[in-house]
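The primary structure of each chain is shown beneath.
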Amino acid sequence: MQNIRGTADIVDQGLVLANVPVSGVLLLTLNRPAKLNALSKQLLAELLAHLNNAATDDAVGCVVLTGHGKSFAAGADITDMLERGVDSYADPERISVWTQIERFPKPIIAAVNGYALGGGLELALLCDIVLAAKGAQFGTPEIKIGSFPGDGGTQRLPRAVGKSFAMQMILTGMMIDADLAERKGLVSEAVDAETLLPRALELASAIATMSVAITPFAKRAVNAAFEMPLEQGIRHERKLNIEAFAKEDRMEGLRSFKEKRPPNFKGR
Ligand code: CO8
């Protein structure tokens, strides 16, 4: 696995490629194209290692996650599940890696370039913004192989598209295209394939110019909307806002407005 710091070009090694195409933005590319980027334990571990580096690197303000080849990710590794049965799915290390990915504090944009199926869709769903290329396909086909979503899909998909459509997807295993995914609120924008990465990097770059100390608070507050009842969520939002006043950047932002100049965020 390569070191992400100062990496200008993708080095063709590892199951997750990392580079910094724009200041402040870490681009991670799932790189198991021969298996449509199926989420093996090793691939997830490499993804987590990059995210752990990014979490503590003040130079990274936003992550873009995409896939190499014709797939974002075609799901959990079916071959491994067949070989190891329940031990493949319930492997405590695999689950711990997944949970840590879910807790990554900085914003992640999924740039879905092809198939986002099963665990691949679940990975996109735990990202903060999902963009899709027009040719992308989304689905939870697990039911067709005697399974059902097991890494958050039954919980996050209904929150994204509502119960009825989520049930339709989960119980039939149907695939939907990017335009329908956009209409259902699963993705924020469906764009032409050649625009996907530039658009993702543009948004990520805009996010990375904000305070790296503050954007994680905003992410936590929005995610609370999917985890807590309204009243509790509003209390949580207030608590996070009070905590954020302890950050230098909070006062710097307010001062910059008063002084009619751009803020000089320090990420503290
Ligand atoms: N796992 C492992 N290998 C895969 C996966 C996968 N999820 N998806 C594709 N591959 C492999 C194929 O086996 C093939 O390998 P090989 O060349 O060695 O035979 C290679 O990738 C290319 O795939 P195809 O030849 O099938 O490519 P096509 O373009 O013909 O088809 C599809 C593309 C439609 C995406 C097809 O590959 C497919 O249906 N893939 C499986 C999609 C799927 O079912 N995903 C859900 C998996 S289960 C899951 O994610 C969550 C389970 C959690 C609960 C489990 C409880 C037990």
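Residues numbered from 1 in each chain as written. Predicted model: local features only at pLDDT ≥ 70, side-chain atom pairs only at ≥ 80, totals over all residues. Heavy atoms only, no water.

Caption draft 1: Structural view of the overall build of the protein. Tallying secondary structure elements over the protein gives 12 helices and 10 strands in all. Relative to the globule expectation of 18 Å for 268 residues, the C-alpha radius of gyration of the protein, 19 Å, shows essentially globular dimensions. Counting only C-alpha atoms, the protein reaches 60 × 45 × 40 Å along its principal axes. Out of the 268 residues belonging to the protein, those deemed buried represent 45%. Taking as baseline every contact in the protein between residues at least 6 positions apart, the subset at least 24 positions apart corresponds to 65%. Summed over all atoms, the accessible surface of the protein reaches about 13500 Å², with 57% contributed by carbon and sulfur. (Helix = DSSP H or I, 4+ residues; strand = E, 2+ residues; numbered from the N terminus. Rg over C-alpha atoms; globule rule 2.2 N^0.38 Å. Buried < 20%, exposed > 50% of the residue type's maximum accessible area, 1.4 Å probe, protein only. Contact = heavy atoms within 4.5 Å. Areas by Shrake-Rupley, 256 points an atom, 1.4 Å probe, with all protein chains shown as cover.)

Caption draft 2: Quick peek at the site of the ligand. Surveying the vicinity of the ligand reveals 21 residues, the closest of which are K35, K70, A74, A76 and G119. The side chain of K35 places a nitrogen or oxygen atom 2.4 Å from an oxygen atom of the ligand. Between A76 and the ligand, the recorded distance is 2.7 Å, taken from a backbone N or O atom to an oxygen atom. Alone, the ligand offers 1100 Å² of accessible surface; in the complex the protein occludes 64% of this. Mapped onto the shell around the ligand, the elements with two or more residues apiece are α2 (78-84) and β6 (115-117). In terms of residues, the shell around the ligand owes the most to one element, α2, which gives three residues. (Near = heavy atom within 4 Å. Polar contact = N/O pair within 3.5 Å; in protein donor to acceptor, adjacent residues only side chain to side chain.)

Caption draft 3: Just the nonpolar core, in detail. Ranked by internal contacts, the top residues of the largest apolar core, which has 48 residues, are L123, F138 and L186. Counting residues per element, this core draws most heavily on helix α1 (residues 41-56), which supplies six residues. Counting 16 residues, the second-largest nonpolar core is a separate cluster that includes V25, L27, A200 and L201. (Core = buried A, V, L, I, M, F, W, Y, C linked by side-chain atoms within 4.5 Å.)

Caption draft 4: How the structure looks around the packing of aromatic side chains. Taken as a whole and judged by the stated rule, the model has zero aromatic pairs. In this arrangement the basic side chain of K184 is found over the ring face of F165, its NZ or CZ atom lying 4.4 Å from the centre. Over the ring of F245 we find R250; its NZ or CZ atom is 4.2 Å from the centre of that ring. (Phe/Tyr/Trp six-rings, centres within 6.5 Å; stacked < 30°, edge-to-face > 60°. Lys NZ or Arg CZ within 6 Å of the ring centre and 35° of its normal.)

Caption draft 5: Structural context of the sheet that holds strand β10 (residues 189-191). An order of β1-β2-β3-β5-β7-β10 is seen for the six strands of this open sheet, with the pairing classed as mixed. One side of each edge strand has no neighbouring strand; the edge strands of this open sheet are β1 (16-22) and β10. Each strand axis lies, on average, 25 degrees off the axis of its neighbour in the sheet, ignoring direction. Across the sheet, α1 lies against β1, β2 (25-30), β3 (62-67) and β5 (108-112), angled at about 175 degrees from β2, the strand it touches most. (Pairing = 2+ DSSP bridges. Axes fitted to C-alpha atoms, helices over the stretch in contact; angles between N-to-C directions.)

Caption draft 6: Structural detail: the sheet that holds β6. The mixed open sheet is built from four strands, whose spatial order is β4-β6-β8-β9. A strand with exactly one partner marks an edge of an open sheet, and here the two such strands are β4 (71-73) and β9 (175-177). Averaged over all pairs of adjacent strands, the angle between strand axes in this sheet comes to 20 degrees, irrespective of strand direction. Inspection of the sheet shows strand β8 (residues 137-139) paired to β9 by three bridges, in the antiparallel sense. Along β9, the bridge assignment pairs F138 with I176.

Caption draft 7: Here's a closer look at the pairing of β5. With five of five residues buried, β5 lies mostly within the body of the structure. Residues I108, A110 and V112 point to one face of β5 and I109 and A111 to the other, with burial holding for every one of them. Pairing of β5 with strand β7 (residues 129-133) involves four bridges; the strand directions are parallel. Each bridged residue has a counterpart across the sheet, and for A110 the counterpart in β7 is V130.

Caption draft 8: Up close: the pattern of salt bridges. Tallying each qualifying case throughout the model produces 17 salt bridges. Across the salt bridge formed by R94 and D151, the nearest N and O atoms sit 2.9 Å from each other. Of this pair, R94 sits in helix α4 (residues 92-102) while D151 sits in the loop between β8 and α6 (153-161), and the two are 57 residues apart along the sequence. For the pair R94 and D151, one class covers both residues: buried. (Salt bridge = Lys/Arg side-chain N within 4 Å of Asp/Glu carboxyl O.)

Caption draft 9: Quick look at empty space enclosed by the protein. All chains considered together, the criterion is met by one cavity of 30 Å³ or more. Of the pockets and cavities examined, the largest cavity occupies roughly 30 Å³. In terms of lining, the largest cavity is formed by L28, L47, L51, V63, L65, I101, I108, L123 and L126. For the lining of the largest cavity, the secondary-structure elements that each account for two or more residues are α1 and β3. Split by residue class, the lining of the largest cavity holds nine nonpolar, no polar and no charged. (1 Å grid on protein atoms, 1.4 Å probe; cavity = no way out; pocket = protein on both sides within 12 Å on 5 of 7 lines; lining within 4 Å. Points joined across faces, edges and corners; volume = space filled by probe spheres on them. Nonpolar A, V, L, I, M, F, W, Y, C, P; charged D, E, K, R; others polar.)

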